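Below, each chain spelled out in residue letters.
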Amino acid sequence: MRFTNSREVASPANSLMKVFRRALADGTTKQGWLAVEGPFLVEEALNAAPRVTTHSVLVASGAAEKFSTLLERLPADVELTQVPDRLFESVAQTQSPQGIAALVEFPAYTLEHVVAAPKPLLVIACRVQDPGNLGTMMRTALAFSASAFLTLQETVSPFNPKAVRSSSGAIFRLPLVSGLDPNQALPFLSVHVRILAAERNSPVSLVQADLRGPIAILVGRESTGLPEEIARHASQLLSIPIRPEVDSVNAATAASIFLYEAARQRGFKY
């Protein structure tokens, strides 16, 4: 199927093919544009317009008809490129390529932006290494109306392809600030919000805390928790009341429990 705003490419040496191949493997282009693969994520990116800008779409010739309704939604200025099915498969990173991918641009957010939200509810991931966990944290943050999602240095990128897929589209709707220096970001945040840290050994339970005001929920990785130099920036360390014979829950689960309790105390007013 042909589209009036499309072009065809057949060479794997084409510069755009090189950009897509590298970006789908790494997560982003050199300009910082996110690479997504599959109709669900492409559609989620389009649904997030105008906050998210779709710049380029790559479609396998054999899939163009199947995705015609989706392709017809593309703005006129989007670069649409059709390629032979085998060429698309050589660029794709998923085990069963579905024949469509895109490069999209996010707005740039700063800490000043995210603390200016009314009664901010922030989630801060600290040294979480599993991209699936991080993606799940983003999905839960959106579900319970967190106002932004932040990551500190030494945390897996939220633009990691597995993290993006695990977010189920939440990455397109949730303001993100990633790769923050904790020595700069946490002192700044502590002026504007109360930083509450998930700490499994704290004698103070999560259910004893007031989560209704401006807060940031700081969550470390399951195996090591929060480093002391990070935890000291928190105004309160809170544990999750679990059975004594269970050592801990993973980072995504901990974030979900904290966010649910915050939403409950706020009356689930989304």
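Everything numeric in this text was worked out from a predicted model, so none of it was measured.

Asks: Whenever I open this one, the nonpolar core confuses me. Can you help?
Replies: The nonpolar side chains of soluble globular proteins are, as a tendency, buried together. Counting 76 residues, the largest nonpolar core has Leu34, Leu71, Met137, Phe149, Ile171 and Phe172 as the members making the most contacts within it. Ranked by residue count, the leading element in this core is helix H10 (residues 251–265), at eight residues.

Asks: Teacher, can you tell me more about helix H1 (residues 15–26) here?
Replies: One turn of an α-helix holds 3.6 residues; hence residues three or four places apart share an orientation. When the terminal C-alpha atoms of H1 are compared, their 17 Å separation across twelve residues agrees well with the 16 Å that a helix rising 1.5 Å per residue should span. Along H1, the positions that sit buried rather than exposed are Leu16, Met17, Phe20, Ala23 and Leu24. Seen end-on, H1 carries its buried residues on one side only, within an arc spanning 140°. Structural note: H1 exposes Ser15 and Asp26 on the side pointing more than 90 degrees away from its buried face. Of the residues that open H1, the one with a side-chain oxygen 2.8 Å from the backbone nitrogen of Leu16 is Asn14. Two residues or fewer after H1 comes Gly27, characterised by a positive phi angle close to 110°.

Asks: Before we go on, may I ask you to explain the pairing of strand S9 (residues 194–198) in this structure?
Replies: Two faces, one strand: in a regular strand the side chains alternate between the faces of the sheet. Across the five residues that make up S9, a large majority, four, are buried. Of the pairings in the sheet, the one linking S9 to strand S10 (residues 215–220) comprises four bridges and is parallel in character. From the neighbouring strand, Ala197 faces S10, where its bridge partner is Leu218. Direction of pairing for S9 relative to strand S11 (residues 236–238): parallel, over a ladder of three bridges. Residue pairing for S11: Leu196 is matched across the bridge by Gln236.

Asks: Sorry, what's going on with a nonpolar patch on the surface here?
Replies: A contiguous nonpolar patch, built from Tyr260, Phe268 and Tyr270 and spanning about 340 Å² of accessible area, is present on the exposed surface. For Tyr270, the location among the structural elements is in the segment after H10. For Tyr270, a relative accessible area of 56% puts it in the exposed group.

Asks: Just checking my understanding: could you explain the sheet that holds strand S8 (residues 176–180) for this structure?
Replies: Each strand in a sheet pairs with another by means of backbone hydrogen bonds, the pair being arranged parallel or else antiparallel. A sheet is described by the order of its strands in space; here six strands give the open sequence S8-S7-S6-S10-S9-S11, paired in parallel fashion. Strand pairing shows two members of the sheet lacking a second neighbour, S8 and S11, which therefore form its edges. Direction aside, the axes of adjacent strands within the sheet are offset by 20° on average. As defined by bridge partners, strand S6 (residues 121–126) adjoins strand S7 (residues 148–152) across four bridges and the pair is classed as parallel. Paired with Val123 across the two strands is Phe149, which belongs to S7.

Asks: So what exactly am I meant to see when it comes to the pairing of S7 here?
Replies: The buried fraction of S7 is high, at five of five residues. Burial of the side chains of S7 extends over both faces: Ala148, Leu150 and Leu152 are buried on one face and Phe149 and Thr151 on the other. For the crossover from S6 across helix H6 (residues 131–143) to S7, the handedness is right-handed. Looking at chain direction, S7 and S8 are connected through three bridges and run parallel. Within S8, the position partnered with Leu150 by the bridge is Val177.

Asks: I tried to follow the pattern of salt bridges on my own but got confused; where do I start?
Replies: A pair can form between side chains of opposite charge whenever their charged atoms are brought close. The final tally for this structure, using the stated rule, is eight salt bridges. Each of Arg127, Glu154 and Glu229 takes part in one network of salt bridges that share partners.

Asks: Just checking my understanding: could you explain the side chain of Thr140 for this structure?
Replies: Within the secondary structure layout, Thr140 lies in helix H6. In this structure the side chain of Thr140 is engaged in a polar contact, spanning 3.3 Å, whose partner is the side chain of Ser256. Here Thr140 is in contact with Ser256 and Leu259, once residues within four sequence places are set aside.

Asks: Hey, could you run me through the side chain of Ser56 in this one?
Replies: By secondary structure assignment, the location of Ser56 is in strand S3 (residues 53–60). Residue Ser56 is classed as buried on the basis of its relative accessible area of 2%. Polar contacts involving the side chain of Ser56 include one to the side chain of Glu79, which spans 3.0 Å. Not counting chain neighbours up to four residues away, the residues in contact with Ser56 comprise Leu16, Phe20, Val78, Glu79, Ala101, Ala102 and Leu103.

Asks: Mind showing me how you'd approach helix H8 (residues 182–192) here?
Replies: Those residues of H8 that sit buried are Pro182, Ala185, Leu186 and Leu189. The buried residues of H8 occupy one face: seen down the axis, they fall within an arc of 90°. Residues Asn183, Gln184 and Val191 are exposed on H8 and point more than 90 degrees away from its buried face. Tucked inside the fold, the buried residues of H8 contact helix H5 (111–115), S6, S7, S8, S9 and helix H9 (228–231). Structurally, the start of H8 carries an N-cap: the backbone nitrogen of Asn183 is 2.9 Å from a side-chain oxygen of Asp181.

The rules behind the values
Residues numbered from 1 in each chain as written. Predicted model: local features only at pLDDT ≥ 70, side-chain atom pairs only at ≥ 80, totals over all residues. Heavy atoms only, no water. Core = buried A, V, L, I, M, F, W, Y, C linked by side-chain atoms within 4.5 Å. Buried < 20%, exposed > 50% of the residue type's maximum accessible area, 1.4 Å probe, protein only. Helix = DSSP H or I, 4+ residues; strand = E, 2+ residues; numbered from the N terminus. Expected span 1.5 Å × (residues − 1). Arc of directions from axis to C-beta. Polar contact = N/O pair within 3.5 Å; in protein donor to acceptor, adjacent residues only side chain to side chain. Pairing = 2+ DSSP bridges. Patch = residues over 30% accessible without salt bridge, like charges linked within 9 Å, V, L, I, M, F, W, Y side chains within 5 Å. Areas by Shrake-Rupley, 256 points an atom, 1.4 Å probe, with all protein chains shown as cover. Salt bridge = Lys/Arg side-chain N within 4 Å of Asp/Glu carboxyl O. Axes fitted to C-alpha atoms, helices over the stretch in contact; angles between N-to-C directions. Right-handed = clockwise from strand over helix to strand, strands pointing away. Contact = heavy atoms within 4.5 Å.

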